Amino acid sequence: MKIVLVGAAGKIGKRVQEALAGAGHEIVKVGRKSGDFQVDIENRESIRQLYQAVGSFDAMANAAGEVVFAPLSQLTAENWQFSLGSKLMGQISLVQEAIPFINERGSFTLVSGVLNDDPIFGSAPGAAVSGALEGFARVAALELPKGLRINVVSPTIMKESEADMGSFFPGVIPVDSWRVAQAYKRAILGAQTGRIYKVE
C-alpha cells in the first residue's frame, strides 16, 4: 500500500511510521520543510502540486495542522483565520484535492482532538475546528466516490507533549503516542468509515 503521510516529521507522524513499519507499505513522507515532498496545507495549489508529484496512492493520513490558544476575549480575526485555515480547511483541502489521485477503495485519516468534547480555557479555536472536522468526516463518508473511506483520530494530550501543554490540561492523564499511532493504523488499514477514533 502506498500511503501519503502528511506531518511525517512530527511526534505523531514518526510514531505512525513505526506502527506501519515492516508490513511492506510504501510511506511517502510529506512535511512543510522536510520529507520526500513538501506542502503548505493552508494553500490549495500547494496541495494540488503535491498530489501531482506523488501520483496515484492508496491512503492519505494527516498529522499536521495548528490552532491558536488564547482567551476568547483576546482572539483576533487573524487568530481565527490561521486556525481555520490550517487545521480545518487544510485537512479538508487534503481530502478534496486527493480525489482524482487516490486509488479506488482508498482511505483518508485526519486528526482532530479532545477539545471538542473536553474543552479547556483558551481553546475556542481548537474546539471549533475539531467539531467541524469531525462533522465534515461524517458527511464525507456518505459522499466520497470510488468506495473511499474517511476517519478521524481524536487524541487527548500525549505524554511527549506534557512538558509543553500539561499546564493547560490539569488532571488530564496523558496517553502514549504509540496508542495514537495504533488508532491511525486502524483507520488506515481497517474497513470502517465515518468513524471518530478517540484516544484517551
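One can find the structure itself at the top, above this paragraph.
Our subject in this report is the structure included herewith. (Residues numbered from 1 in each chain as written. Predicted model: local features only at pLDDT ≥ 70, side-chain atom pairs only at ≥ 80, totals over all residues. Heavy atoms only, no water.)

## Description of the overall build of the chain
Helix and strand content of the chain: 6 helices and 7 strands. When the helices and strands of the chain are read in sequence order from the N terminus, they spell out β-α-β-β-α-β-α-β-α-β-α-α-β. The C-alpha atoms of the chain give 16 Å as radius of gyration, which agrees with the globular expectation for 200 residues (16 Å, within 12%). If one aligns the C-alpha atoms of the chain with their principal axes, the spans along those axes are about 45 × 35 × 35 Å. Within the chain, the fraction of its 200 residues that count as buried is 48%. Counting only carbon and sulfur atoms, one obtains 52% of the accessible surface of the chain, whose full area is about 9400 Å². (Helix = DSSP H or I, 4+ residues; strand = E, 2+ residues; numbered from the N terminus. Rg over C-alpha atoms; globule rule 2.2 N^0.38 Å. Buried < 20%, exposed > 50% of the residue type's maximum accessible area, 1.4 Å probe, protein only. Areas by Shrake-Rupley, 256 points an atom, 1.4 Å probe, with all protein chains shown as cover.)

## Regarding the pattern of salt bridges
One pass over the full model with this rule turns up 10 salt bridges. Salt-bridge contacts for Arg32 lead to Glu42; the nearest nitrogen and oxygen are separated by 3.5 Å. Here Glu42 lies in the loop between β3 (37–38) and α2 (44–54) and Arg32 lies in the loop between β2 (26–31) and β3, a separation of 10 residues in the sequence. Using a relative accessible area of 46% as the deciding quantity, one classes Arg32 as partly exposed. Glu42 gets classed as partly exposed once you look at its relative accessible area, which sits at 39%. The residue Glu97 makes a salt bridge to Arg48 at a minimum N-O spacing of 3.1 Å. Here Glu97, found in the loop between α3 (77–96) and β5 (102–111), pairs with Arg48, found in helix α2; they are 49 residues apart in sequence, far enough to count as distant. For Glu97, a relative accessible area of 11% gives the class buried. When salt bridges with common partners are traced through the structure, they connect Arg15, Glu18, Glu160 and Asp176 into a single cluster. (Salt bridge = Lys/Arg side-chain N within 4 Å of Asp/Glu carboxyl O.)

## Quick look at helix α6 (residues 177–189)
Given a rise of 1.5 Å per residue, 13 residues ought to cover 18 Å, and the 18 Å separating the end C-alpha atoms of α6 matches this to within 8%. Listing the buried residues of α6 in full gives Ser177, Val180, Ala181, Ala183, Tyr184, Ala187 and Ile188. Buried positions in α6, seen along its axis, are confined to an arc of 155° and lie on one side of it. If you follow the buried residues of α6, they end up packed against β1 (2–6), α1 (11–20), β4 (57–62), β5, β6 (149–155) and β7 (196–199). Where α6 starts, the residue carrying a side-chain oxygen 2.7 Å from the main-chain nitrogen of Trp178 turns out to be Asp176. (Expected span 1.5 Å × (residues − 1). Arc of directions from axis to C-beta. Contact = heavy atoms within 4.5 Å. Polar contact = N/O pair within 3.5 Å; in protein donor to acceptor, adjacent residues only side chain to side chain.)

## What about the pairing of β4?
Across the 6 residues of β4, 5 count as buried, placing the element largely inside the fold. Two strands pair when backbone bridges link them, and β4 and β5 are joined in this way by 4 bridges, in the parallel orientation. Bridge pairing links Ala61 to Thr109 in β5. Tracing the backbone out of β4, into α3 and back to the parallel element β5 gives a crossover that is right-handed. (Pairing = 2+ DSSP bridges. Right-handed = clockwise from strand over helix to strand, strands pointing away.)

## Brief notes about the sheet that holds β1
Strand pairing in a sheet takes place through backbone hydrogen bonds and is either antiparallel or parallel in direction. Spatially, 7 strands are ordered β3-β2-β1-β4-β5-β6-β7 in an open sheet, and the strand pairing comes out parallel. The sheet is open, and its two borders are formed by β3 and β7, each paired with just one other strand. Bridge count between β5 and β6: 5 bridges; the pairing is parallel. For Val111, the partnering residue across the bridge sits in β6 and is Val153. In the packing of α3 onto the sheet, contacts are made with β1, β4, β5 and β6, and the angle to β5 comes to roughly 170°. (Axes fitted to C-alpha atoms, helices over the stretch in contact; angles between N-to-C directions.)

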